[in-house]
Amino acid sequence: MKEKLEPTCRVAFAAYVHDLGKLAERARLEEAEVKDAAYSSVVERHKPLYCPCWEGRYSHVHAAYTAIALDQIEPFLPPIKGMDVSPFAAWGEKEVDDSLVNAAAKHHRPQTFLQWIVATADRLASGFEREEFESYNRAEEGTATGRDHYTARLLTLFESLRLEGEAPTARGEFAWRYPLKPLSVAALFAQPAKDCETDDRRAAQQEYQALWQAFSAGLKRIPAAHRANWPLWLDHFDSLWAAVAHAVPAATAGRVRPDVSLYDHSRTTSALAAALWRWHADRGDDPKAAAEAMRTRSDWDENKFLLILGDFYGIQDFIFASGGETQKNAAKLLRGRSFYVSLLSECAALRILDELGLPPTSQVIHAAGKFLIVAPNTEAVKQRLRGLQQEFDRWFLDKTFGASGIGLAWEAACCRDFVRRQSGERPFARLLKRLFQRLEDIKARRLNLCGTEAPAPVFCGFLDAFDASKGVCAIDGRSPASKKLEGTEDKFICPLAADQIDTGRWLAHHERVLVTTEDIGHHTLRLDLFGYHISFTGPEEASGKFGPLAETGVLRRAWDYALPAAETETLFSGYARRFINAYVPLIGELSDLDRDRYEGIELTDPAPRAPKTFELLARDDRRQGDKWVGTEALVVLKGDVDNLGLIFQKGLEQPSFAKWAALSRQLNAFFAVWLPWYCRTRYPSTYTVFAGGDDFFLIGPWYSTIRLTRDMRERFHRYVAENPELHFSAGLFMTKPGLPVRQLAEFAEEALEQAKAVPGKNALTLFRQSVAWKDLDELWQVLERIEEKAKALDLSTAYLYRLQHLARLAEKVHERPENALWKSWFGYYTYRMLERMRGIGKDERHRRMAEPWSVLGEPIERFGSRFVIPLFIYLYQQRH
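Computed from a predicted model, the values in this text were never measured in an experiment.

S.K.: Honestly, the overall build of the protein in this entry has me stumped. Any pointers?
M.R.: A count of helical and extended segments in the protein gives 32 helices and 22 strands. Here the C-alpha radius of gyration of the protein, 30 Å, is about what a compact globule of 880 residues would show, namely 29 Å. By principal-axis analysis of the C-alpha atoms, the protein measures approximately 105 × 70 × 50 Å. Relative to its 880 residues, the protein shows a buried fraction of 61%. Within the protein, contacts between residues at least 6 apart in sequence are counted, and of these 71% link residues at least 24 apart.

S.K.: Is there a simple way to think about helix H18 (residues 495-506) in this case?
M.R.: Residue pairs spaced three or four apart in an α-helix point in one direction, given the helix's 3.6 residues per turn. Counted at 1.5 Å a residue, the expected span for H18 with its twelve residues is 16 Å, and the 16 Å between its end C-alpha atoms agrees. Across the twelve residues of H18, ten count as buried, placing the element largely inside the fold. By the burial criterion, the buried members of H18 are Leu496, Ala497, Ala498, Asp499, Gln500, Ile501, Asp502, Thr503, Gly504 and Trp506. Where H18 is buried, its residues contact helix H14 (315-319), helix H15 (330-356), helix H16 (379-400), strand S9 (483-484), strand S10 (492-493) and strand S12 (533-537).

S.K.: Honestly, the sheet that holds strand S17 (residues 634-641) in this entry has me stumped. Any pointers?
M.R.: The pairing of strands in a sheet happens through backbone hydrogen bonds and is either parallel or antiparallel. Taken together, the six strands give an open sheet; going across it, the order is S18-S19-S17-S20-S21-S22, and neighbouring strands pair in mixed fashion. Only two strands of the sheet have a single neighbouring strand rather than two, namely strand S18 (687-692) and strand S22 (769-772). Between one strand axis and the next, the sheet turns by 15° as a mean value, whatever way the strands run.

S.K.: What is the right way to read the side chain of Thr705 from this model?
M.R.: Within the fold, Thr705 resides in helix H25 (residues 702-719). What Thr705 contacts, discounting residues up to four positions off in sequence, is Val635, Leu637, Gly700 and Leu732.

S.K.: What's the story with the nonpolar core in this structure? I'm lost.
M.R.: Within soluble globular proteins, side chains that are nonpolar generally end up buried alongside one another. Phe215 and Phe305 are the most contacted members of the largest nonpolar core, which totals 191 residues. One finds Ala330, Ile493, Leu617 and Phe690 within the second-largest nonpolar core, a separate group that totals 75 residues.

S.K.: Explain helix H17 (residues 427-444) to me, please; I cannot follow it from the model alone.
M.R.: End to end, H17 covers 26 Å across 18 residues, agreeing with the expected 26 Å (1.5 Å per residue, within 8%). Restricting attention to buried positions, one finds in H17 the residues Pro427, Phe428, Ala429, Leu431, Leu432, Leu435 and Leu439. Considering only its buried residues, H17 is in contact with strand S5 (303-313), strand S7 (370-376), strand S8 (405-414), helix H23 (644-650) and helix H24 (657-682).

S.K.: How should I be thinking about unusual backbone geometry in this particular structure?
M.R.: Glycine aside, the phi torsion of most residues is negative, and most peptide linkages are trans. Going from Ser86 to Pro87, the amide bond is cis rather than trans, its omega being 5°. Within the fold, Pro87 resides in the loop between helix H4 (62-73) and helix H5 (100-105). Positive phi, normally seen in glycine, also occurs at Phe401, with a value near 55°. Within the secondary structure layout, Phe401 lies in the loop between H16 and S8. Here Phe401 falls in the buried class, since its relative accessible area comes to 17%. Within the chain, Glu722 stands out as a residue other than glycine whose phi angle is a positive 60°. With respect to the secondary-structure elements, Glu722 resides in the loop between H25 and strand S20 (728-735). Among the residues examined, Glu722 registers a relative accessible area of 42% and is labelled partly exposed.

S.K.: So what exactly am I meant to see when it comes to the environment of Ala67 here?
M.R.: For Ala67, the position within the fold is in helix H4. You can call Ala67 buried: its relative accessible area is 4%. Spatially, the C-alpha atom of Ala67 lies 9.3 Å from that of Val43, the residues being 24 residues apart in sequence. For Ala67, the contacting residues outside a window of four places in its chain are His46, Tyr50, Val101 and Ala105.

S.K.: Teacher, can you tell me more about the sheet that holds S7 here?
M.R.: Pairing is antiparallel across the open sheet formed by four strands, whose spatial order is S6-S7-S5-S8. Bordering the open sheet on either side are strand S6 (363-367) and S8, each of which pairs with just one other strand. Sheet twist, expressed as the mean angle between neighbouring strand axes with direction ignored, is 20°. Judged from the four bridges that link them, S6 and S7 form a sheet pairing that is antiparallel. Paired with Ala367 across the two strands is Lys370, which belongs to S7. Sitting on the sheet, helix H12 (residues 262-283) is in contact with S5, S6 and S7, with an inclination near 40° to S7.

S.K.: Any chance you could explain empty space enclosed by the protein here in plain terms?
M.R.: Take a probe with the size of a water molecule and roll it over the atoms, and the empty space left behind shows itself. Using the criterion set out here, one finds seven cavities of 30 Å³ or more in the structure. Looking at the largest cavity, the residues that line it are Phe318, Ala321, Arg337, Lys399, Thr400, Asp476, Arg478, Cys494, Leu496, Ala497 and Gln500. Broken down by secondary-structure element, the contributors of at least two residues to the lining of the largest cavity are H16 and H18. Of all the elements, H18 adds the most residues to the lining of the largest cavity, at three residues. Of the residues in the lining of the largest cavity, the class split is five nonpolar, two polar and four charged.

S.K.: Looking at this structure, how should I read a nonpolar patch on the surface?
M.R.: Together, Leu821, Trp825 and Tyr828 line one region of the surface with nonpolar side chains, adding up to about 330 Å² of accessible area. The residue Leu821 is located in the loop between helix H28 (797-811) and helix H29 (822-835) in this model. Accessibility expressed as a relative area gives 49% for Leu821, which makes it partly exposed.

S.K.: Just to check I follow, could you spell out the confidence of the model for the protein for this structure?
M.R.: Close reading of the predicted structure is inappropriate where its pLDDT is low. Residues of the protein with pLDDT of at least 70 account for 92%, and the chain-wide mean is 88. At the low end of the mean pLDDT range in the protein sits helix H7 (residues 130-138), at 57; at the high end sits helix H11 (residues 230-245), at 97.

S.K.: Would you explain the state of the cysteines in this entry?
M.R.: Defined simply, a disulfide is a covalent bond joining two cysteines at their sulfur atoms. On inspection of all chains with the given rule, the structure shows zero disulfides. Between Cys9, a free cysteine, and Cys347, which holds the nearest cysteine sulfur, the sulfur-to-sulfur gap is 18 Å.

S.K.: What should I look at first to understand the packing of H28 against helix H31 (residues 850-863) in this one?
M.R.: Two numbers describe a pair of packed helices, the interaxial angle and the distance between the axes. One way to put it is that H28 packs onto H31 with a least axis distance of 8 Å and a crossing angle of 35°. Our pair here, H28 against H31, has a crossing hand that is right-handed. Of the residues in H31, those in contact with Tyr799, Leu800, Leu803, Leu806, Ala807, Ala810 and Glu811 of H28 are Pro852, Leu856, Ile860 and Phe863. Along the lines of polarity and charge, the residues of the contact of H28 with H31 split into ten nonpolar, no polar and one charged.

S.K.: Just checking my understanding: could you explain the pattern of salt bridges for this structure?
M.R.: Charged atoms that come close allow side chains of opposite charge to pair. All chains considered together, the criterion is met by 53 salt bridges. A salt bridge links Lys370 to Asp311, with the shortest nitrogen-to-oxygen separation between them at 3.4 Å. On the criterion of sequence distance, the pair formed by Lys370 in strand S7 and Asp311 in strand S5 is long-range, its members being 59 residues apart. Overall, Lys370 belongs to the partly exposed group, its relative accessible area being 34%. Note that Glu355 is salt-bridged to Arg384, the shortest N-O span being 3.5 Å.

S.K.: In this structure, what is going on with the environment of Lys812? I would like to understand it.
M.R.: In this fold, Lys812 is placed in the loop between H28 and H29. Residue class for Lys812 comes out partly exposed when judged on its relative accessible area of 41%. Remark: the alpha-carbon pair of Lys812 and Arg445, spanning 367 residues in sequence, is separated by 46 Å.

S.K.: Looking at this structure, I do not really get the packing of aromatic side chains. What am I missing?
M.R.: Each aromatic ring pair is specified by the distance between its two centres and by the angle formed by the two planes. Evaluated as defined, the whole model comprises 56 aromatic pairs. Taken together, a centroid distance of 5.8 Å and an interplanar angle of 85° make the contact between Trp702 and Tyr876 edge-to-face. You can see Trp702 sitting in helix H25 and its partner Tyr876 sitting in helix H32 (residues 868-878), a full 174 residues away along the chain. Note on Tyr876: relative accessible area 16%, which makes it buried.

S.K.: Where do I start with the pairing of S17 in this structure?
M.R.: Remark: a regular strand shows side chains that alternate across the two faces of the sheet. The element S17 is extensively covered by neighbouring structure, given that eight of its eight residues are classed as buried. Burial along S17 is two-sided: Leu634, Val636, Lys638 and Asp640 and Val635, Leu637, Gly639 and Val641, pointing in opposite directions, are all buried. Of the strand pairs in this sheet, S17 and S20 are connected by eight bridges, and their pairing is antiparallel. Pairing of Gly639 across the sheet is with Ala730, part of S20.

Calculation criteria
- Residues numbered from 1 in each chain as written.
- Predicted model: local features only at pLDDT ≥ 70, side-chain atom pairs only at ≥ 80, totals over all residues.
- Heavy atoms only, no water.
- Helix = DSSP H or I, 4+ residues; strand = E, 2+ residues; numbered from the N terminus.
- Rg over C-alpha atoms; globule rule 2.2 N^0.38 Å.
- Buried < 20%, exposed > 50% of the residue type's maximum accessible area, 1.4 Å probe, protein only.
- Contact = heavy atoms within 4.5 Å.
- Expected span 1.5 Å × (residues − 1).
- Pairing = 2+ DSSP bridges.
- Axes fitted to C-alpha atoms, helices over the stretch in contact; angles between N-to-C directions.
- Core = buried A, V, L, I, M, F, W, Y, C linked by side-chain atoms within 4.5 Å.
- 1 Å grid on protein atoms, 1.4 Å probe; cavity = no way out; pocket = protein on both sides within 12 Å on 5 of 7 lines; lining within 4 Å.
- Points joined across faces, edges and corners; volume = space filled by probe spheres on them.
- Nonpolar A, V, L, I, M, F, W, Y, C, P; charged D, E, K, R; others polar.
- Patch = residues over 30% accessible without salt bridge, like charges linked within 9 Å, V, L, I, M, F, W, Y side chains within 5 Å.
- Areas by Shrake-Rupley, 256 points an atom, 1.4 Å probe, with all protein chains shown as cover.
- Salt bridge = Lys/Arg side-chain N within 4 Å of Asp/Glu carboxyl O.
- pLDDT = per-residue confidence, 0-100.
- Disulfide = S-S within 2.5 Å.
- Left-handed = near helix turned anticlockwise from the far one by under 90°.
- Phe/Tyr/Trp six-rings, centres within 6.5 Å; stacked < 30°, edge-to-face > 60°.

Shown next, in the form of structure tokens:
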């Protein structure tokens, strides 16, 4: 299978760029208009070769532009000319029709086996039935929004998602669009249509021209040495295409709804084409017979595809494992372990790809410890997957003693499973349901300890592995220790803990990860991850120093994980991107104010790029006046998107492979791309312990983290096009910095479960009170009013603390009628408070009673015990 890796990469690339002409055409590529002696332009000469013709009219002219564009970028690609370009014929030879360029560009009028591979994958990614595709193939440009391929802008899938009732988009009301800009933090957010679309075709074309220029420049940034390594280069190219085409509508003809990006369509088409070609190639099928079967769809019920779903389970056990020395190294450990989870997931997926001889584009999803790979459905593939599962199990048993693992589930699929039906059937949704059910079964039998092919007993030789002089690992509290913990004399740790600490340290100083098959001795972790060695490097070192490793195949991947410096910075730097880097606050250059703020805390590592300790974070919300004001505490925040399973199962009106992949990518981007950037920019004292997929776990100064939670909710509402059915719940737990991290996680999880118990979810829990987000907005207004009136009313701390008891009474008036006396107690406490104010008489005190009731009494009556949320926030800000 490994010998077929490069040929499979070429097939994947041909399918990936089949719609490259859409970008080139809309950018009005100058080379296409060059005329020959007979005044015939290049594009006019290409149309008869690549474009369907209906009654003398050529449709889908972008196919001709695909051939032209490939010719333009060919110098910056891996070799696709010459004799060794299997399974394609040499490009440029006469009488040869099976070149890579023809396979890519003839997807609307395929003839040969390889052309039908790309064409079939194209139709499956879109979910086209035969009649629907034939209609689309004849169609002229024009979308459901009434615009052409130049002026139409990408709709957002979020706007059309509905779990109950009819979506506005069902009536043709499309209010949101993505700006036609390269991928950046800012470009992730859809905007009102009026801010994105224009009737000026020339202006619209200029936006596409800017994208083409960015694409051309990006190709040149990919290191030339990496062109000798197809999988490595294709991984870089995928990130470049994501940066360029994430907001380009994939389909703009036939009055379709342009809600799938060119990137997502390209990626899923490539994955399907690679698996489809390999299924036929591995079986040795006759190409002509296979092409005819694909043309007539006579083989569309045959299970040619295998969807492989991987999942890292036990993430919290992995990240929050604790021993005696965990607290002292909490900052580095949290950062290192979170990143390590992503590394393990990515390396497991890479191990599968390499073992099966599949390109990086066969991995369609990679987010939050999960990945999805499309493979050919052969017995040999399934046999190797079983072996890989044993390999993963053995690694986790050896290194984590079964606390964590990676489970693999796979499900066979036929072409019809990807086709959407006009009858309302949802075969692709049923396919996904079967796949995820298999994964749940695998997780219930994790590590296969009771299976017939179980690995050796978990603790076989466990006690013999301990060195009596070093004992148990001081970090995880269970593993045999072998290495002295830095900064100690008699503490020892295991290799995994040492790697996690080093990862946390090196992340702050480097921007890229190299994945190699050999130990290159360059900030390299001690343990190999399923046979791969992980090294950290900076941009200046990675720019060319490791070229020979790429050419020999030792360098399997090079991932850029740097957070963008600016909101509009394009997320591509010449290397494949992985959004796996959490944000961690660093000490920085300490000012005199900071030194005063942190007085009494010993800085074990005072270096500017050392992570802040929890003790430092807990003081970051204190304010300086005559003395430092504000409580010293942290808030742990855990949350996830509500009803995620239902969203994917029934939220999409017409689910397709490309739409499902797009929705997964876009949902992950909010937490994995936007959130770390936002924390660094607006809340620089917040740890994003993990964030991706649909969930997040943060630790930060108590007040800032509460404010960040509100900001996240508002931004997420904006991110999902203000769809009322898309929301998340959150649990917040406030604590002093000395509590063990594992307990912090458990308390935050309990708070999240309480929030999820609110009817309709869409809530948060804070100070053990669960409230809907809309109620929190009103409670925040109560807080602002308390802050506004506190000085004028001379609200004492003792008076305010008494109100929490009254709030609990008001909450339970229906349980005990005598609790209604809370109002009398409120009047008594308030009158006594006003008595302390000098210079006012009895009548004035009675008159002033109305304002405390308005500011404090009415909210107590309305919100009951939930009133403690604004009350505690105010009180904790006043503590000395």
